[in-house]
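# Chain and residue survey
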Amino acid sequence: MPKLKSLDDLKRLREEAQRELTIRQQTTTKVTVGMGTCGIAAGARETMQAILEELKKRDIDAHVATVGCIGMCSKEPLVDIEQAGQPRVTYANVHPEMVGRIIEEHLVNGEVVDEWAFGRVPLAGIGTASQPE
Amino acid sequence: MREISLHILDVAENAIEAGARQLDLRLIEDLDADRLAITVTDDGRGMDRDTLYQIQDPFFTTRTTRHVGLGIPLFAATAERCAGALNIDSTPGKGTRLEATLQHSHIDRPPVGDMPGTLLCILMREQDLALTYRHTLIAHGTKRTFELDTVQIRQALGDVPLSYPDVREWLREFIAEGEEQLKEA
């Protein structure tokens, strides 16, 4: 890797980051994307990149993480949004073109996109066992 | 899976699920020898012989949340379709090494695809994973390599996580540039 220059960049970033990190970790928004075989095949990698793109475009600070399969493969790509003091919301079948609206309504305006929120709107054919905790 | 990079992501996810702390990804595109080789080596919990045999079966999975495990059978099918093979060596308690080779020019060979996207997905895992990645391109007797080593990156970052938004963006650009330069040269 082109070492020196780029690692210097990181050291500078580190200094900037440490100043605000503590505050940020307490108030942060966390977005989690399912990345099992099921998620990957359903396009979760593209969904995650669309999320990063949208966060960057709108200059929103949020923690983004990937996790393995959580067992609702037919609902992949699954995207979870957690915000301090708010209930956790799981969105099902999130394709890249849906990301803009979710970020705008949920993260910017603070309104859950009910029609895509899994478990908020009971979906046909899914029993109570699939309700999120 | 439409891209080699998606298979790589899938295998990497298996390694992480197996508790790997170190993950080494290598992608060698040898145009002179007309081979594409992918190796994924981890220090996860490994598999015994029976398990190693069973994972070739699409209706086997170690997970309890569903009943099929398509990852390895799909990758093996892709390799075999492209005049290649997929082999896995594993030692319980030590780790697993997967190697897939394909004929580079084979008409059915999926494109390598979005490696930056794959790497980013792996890096955004919350586990503290030491990832090394080497993408080598050999053409007309010359060899070029793009390398990523999260140990070096973490050293520079101290306790700032890779998922910190500005760091994430830096990683995204760094990997995209490295891969792009490899293609262009």
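Residues numbered from 1 in each chain as written. Chains lettered and ligands numbered in written order. Predicted model: local features only at pLDDT ≥ 70, side-chain atom pairs only at ≥ 80, totals over all residues.

### Here's the deal with the overall build of chain A
- Counting its secondary structure elements, chain A contains four helices and four strands.
- For chain A, the sequential pattern of α-helices and β-strands runs α-β-α-α-β-β-β-α.
- The burial tally for chain A puts 32% of its 133 residues in the buried class.
- Here the analysis covers contacts within chain A between residues at least 6 apart in sequence; of these, 64% occur between residues at least 24 apart. (Helix = DSSP H or I, 4+ residues; strand = E, 2+ residues; numbered from the N terminus. Buried ≥ 20, exposed ≤ 12 C-beta atoms within 10 Å, placed from the backbone. Contact = placed C-beta atoms within 7 Å.)

### Description of the sheet that holds strand E3 (residues 85–91) of chain B
All names here are of chain B.
- The sheet built from six strands is open, its strands ordered E3-E4-E2-E1-E5-E6 with mixed pairing. The open sheet has two edge strands with one neighbour each: E3 and strand E6 (142–149). Taken pair by pair, the neighbouring strands of this sheet meet at an average axis angle of 10°, ignoring direction.
- Here strand E1 (residues 22–30) runs beside strand E5 (residues 130–139); their pairing, made up of nine bridges, is parallel. Paired with Ile28 across the two strands is Thr136, which belongs to E5. (Pairing = 2+ DSSP bridges. Axes fitted to C-alpha atoms, helices over the stretch in contact; angles between N-to-C directions.)

### Examining the interface of chain A and chain B
- Counting residues at the interface gives 31 residues for chain A and 37 residues for chain B.
- Listing elements by their share of the side of chain A that touches chain B, those giving two or more residues are helix H1 (3–27), helix H2 (37–42), helix H3 (44–58) and strand E2 (63–67) of chain A.
- Counting residues per element, the side of chain A that touches chain B draws most heavily on H1(A), which supplies 10 residues.
- Of the residues assigned to the side of chain A that touches chain B, the class counts are 16 nonpolar, nine polar and six charged. (Nonpolar A, V, L, I, M, F, W, Y, C, P; charged D, E, K, R; others polar.)

### Considering the environment of Gly110(A)
- Tracing the backbone through its elements, the reader meets Gly110(A) in the segment after helix H4 (96–108).
- On the basis of neighbour count, Gly110(A) is assigned to the exposed category, with 9 C-beta atoms found within 10 Å.

### Digging into H4(A)
Residue and element names in this part refer to chain A.
- With 13 residues, H4 should reach 18 Å at 1.5 Å per residue; the first-to-last C-alpha distance of 18 Å fits that figure.
- Turning to H4, its buried residues are Val99, Ile102, Ile103 and His106.
- Close packing links the buried residues of H4 with H3, strand E3 (79–83) and strand E4 (89–91).
- Taken from the residues just after H4, Gly110 is the one with a positive phi, measuring 70°. (Expected span 1.5 Å × (residues − 1).)

### Comments concerning the environment of Val113(A)
Residues and elements named next belong to chain A.
- With respect to the secondary-structure elements, Val113 resides in the segment after H4.
- Looking at Val113, the number of C-beta atoms within 10 Å reads 20, which means it is buried.
- In this structure, the C-alpha to C-alpha distance between Val113 and Tyr91, residues 22 residues apart in sequence, is 8.5 Å.
- With sequence-adjacent residues up to four places away left out, Val113 is seen in contact with Arg101, Ile102, Glu105 and His106.

Structural measurements only, silent on function.
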